[in-house]
Amino acid sequence: MSGGADTTSSVTVIDHPLIEHKLTLLRMATTPTGEFRRLTREISLLMGYEVLRDLPLQPVDIQTPLEPMTARQVSGKKLCFISILRAGNGILDGMIDLVPSARIGHVGVYRDPASHLPIEYYFKVPDDVAERLTIVVDPMLATGHSAVAAITRLKRAGARGVKYVCLIAAPEGVAVLREAHPDVSIFTAAIDRALDENAYIRPGLGDAGDRLFGTK
């Protein structure tokens, strides 16, 4: 469904034409680091409009230059963005542009190269995470193990109403995350074909962290 969001159960593919265009540029092997970083930020900001569509609003009395009026603004506690390090910071930048007042947390998880299982090395989130809508961000949902580990850890810290945002997902990762956390809504710009023998998404865009930060 071009120009909107294709929703299946708890998975939403946001397929706005601008997102598809920028994602195509992001996938290209010739896209340099600076451009890759900028495109990731722009796609994340565009996706944020759909991810945050259901934020609750409350009436507020204000004074315009011409007259008083009752308008609406986001109600209650605001948001908490959680970046799965390190690649999640690429999406985090765009989300912060959209909601600069949001609190920020980080979960450090790396994938063991042999087992492909996640190993946590860092965890720092706001003390009141239980009172905030929690948006977990990571560019790639591949095996799903890092996402599951991060969200499990967040729930132990009290997080509720969790949403997961990625640029590209593999069907295998979607299935793993939905089985482990069926209450978590998944938002992505694309669901690709499959994982290869090294657990990379095909066709994908390579290693998002390396391309964001210019490392190998």
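Residues numbered from 1 in each chain as written. Predicted model: local features only at pLDDT ≥ 70, side-chain atom pairs only at ≥ 80, totals over all residues. Heavy atoms only, no water.

As for the overall build of the protein
Using the following cut-off: Under the scheme used here, helices are H or I runs from DSSP no shorter than 4 residues and strands are E runs no shorter than 2 residues, and both carry numbers assigned from the N terminus. What the globule rule says is 2.2 Å times the number of residues to the power 0.38, and the radius of gyration is computed from C-alpha atoms. Whether a residue is buried, partly exposed or exposed follows from its accessible area with a 1.4 Å probe, protein chains only, as a fraction of its type maximum: under 20%, in between, or over 50%, in that order. Note on contacts: a residue pair is in contact if any heavy atoms of the two residues lie within 4.5 Å. Accessible surface is estimated by sampling points in the Shrake-Rupley manner with a 1.4 Å probe; for residues, cover comes only from the protein chains shown. Asp and Glu count as negative and Lys and Arg as positive, but His and the ends of the chain are not part of the count. Where a charge lies is defined by one atom per residue type: Lys uses NZ, Arg uses CZ, Asp uses CG and Glu uses CD.
Helices and strands together make up the secondary structure of the protein, namely six helices and 13 strands. The C-alpha radius of gyration of the protein comes to 18 Å, within 12% of the 17 Å expected for a compact globule of 216 residues. In terms of principal-axis extent, the alpha carbons of the protein reach across some 65 × 40 × 35 Å. Residues classed as buried in the protein amount to 45% of the 216 residues present. Put simply, 62% of the contacts in the protein that link residues at least 6 apart link residues at least 24 apart. For the protein, the exposed area adds up to about 10,800 Å²; of that, 54% sits on carbon and sulfur atoms. Averaging the locations of the 24 positively and 25 negatively charged side chains of the protein gives two centres separated by 3 Å.

Structural notes on the layout of surface pockets
As a reminder of what qualifies: Cavities and pockets are defined on a 1 Å grid built over the protein atoms alone: a cavity is a set of grid points where a 1.4 Å probe fits but cannot escape, while a pocket is an open set with protein on both sides within 12 Å along at least five of seven lines, and lining residues are those with an atom within 4 Å of any such point. Grid points are joined across faces, edges and corners, and a volume is the space filled by probe spheres set on the points.
Estimated volume of the largest pocket: approximately 650 Å³. If you go around the largest pocket, you meet 28 residues; those closest to its centre are Arg 111, Asp 138, Met 140, Ser 146 and Asp 207. Breaking the lining of the largest pocket down by element, the ones donating at least two residues are strand E5 (79-85), strand E6 (103-111), strand E9 (140-141), helix H4 (145-156) and helix H6 (208-213). Its volume calculated, the second largest pocket comes out at about 260 Å³.

Points about unusual backbone geometry
Of note, the amide linkage connecting Leu 85 to Arg 86 takes the cis form, showing an omega dihedral of 0 degrees. A cis amide bond, omega 0 degrees, links Arg 202 with the succeeding residue Pro 203. We note that Ala 199 has phi near 65 degrees; this positive angle belongs to a residue other than glycine. Tracing the backbone shows Ala 199 in the loop between strand E12 (194-195) and strand E13 (201-202).

Details of helix H2 (residues 33-51)
In plain terms, the rule: The length a helix should cover is 1.5 Å for every residue beyond the first.
Taking 1.5 Å of rise per residue, the 19 residues of H2 would be expected to cover 27 Å, and the 26 Å separating its terminal C-alpha atoms lies within 8% of that figure. Taken residue by residue, H2 has Phe 36, Leu 39, Thr 40, Ile 43, Ser 44, Met 47, Gly 48 and Val 51 as its buried positions.

Quick word on the pattern of salt bridges
Cut-off, in case you're wondering: By definition, a salt bridge exists where a carboxyl oxygen of Asp or Glu is found within 4 Å of a side-chain nitrogen of Lys or Arg.
In the structure shown here, the tally under the stated rule is twelve salt bridges. Linking Lys 22 and Glu 42 is a salt bridge whose minimum nitrogen-to-oxygen distance equals 2.7 Å. A residue pair is termed long-range when its members are at least 10 positions apart, and Lys 22 in helix H1 (residues 17-27) and Glu 42 in helix H2 qualify at 20 residues. Owing to a relative accessible area of 17%, Lys 22 belongs among the buried residues under this scheme. A relative accessible area of 26% places Glu 42 in the partly exposed class. In this structure, Asp 54 and Lys 163 form a salt bridge, with 2.7 Å as the shortest nitrogen-oxygen distance. Of the two residues, Asp 54 is situated in the loop between H2 and strand E3 (57-63) and Lys 163 in strand E10 (residues 160-169); the sequence distance between them amounts to 109 residues. Its relative accessible area of 54% is what places Asp 54 among the exposed residues. Three or more residues are tied together by salt bridges with common partners; here these are Lys 22, Glu 35, Arg 38 and Glu 42.

By themselves, these figures tell us nothing about what the structure is for.
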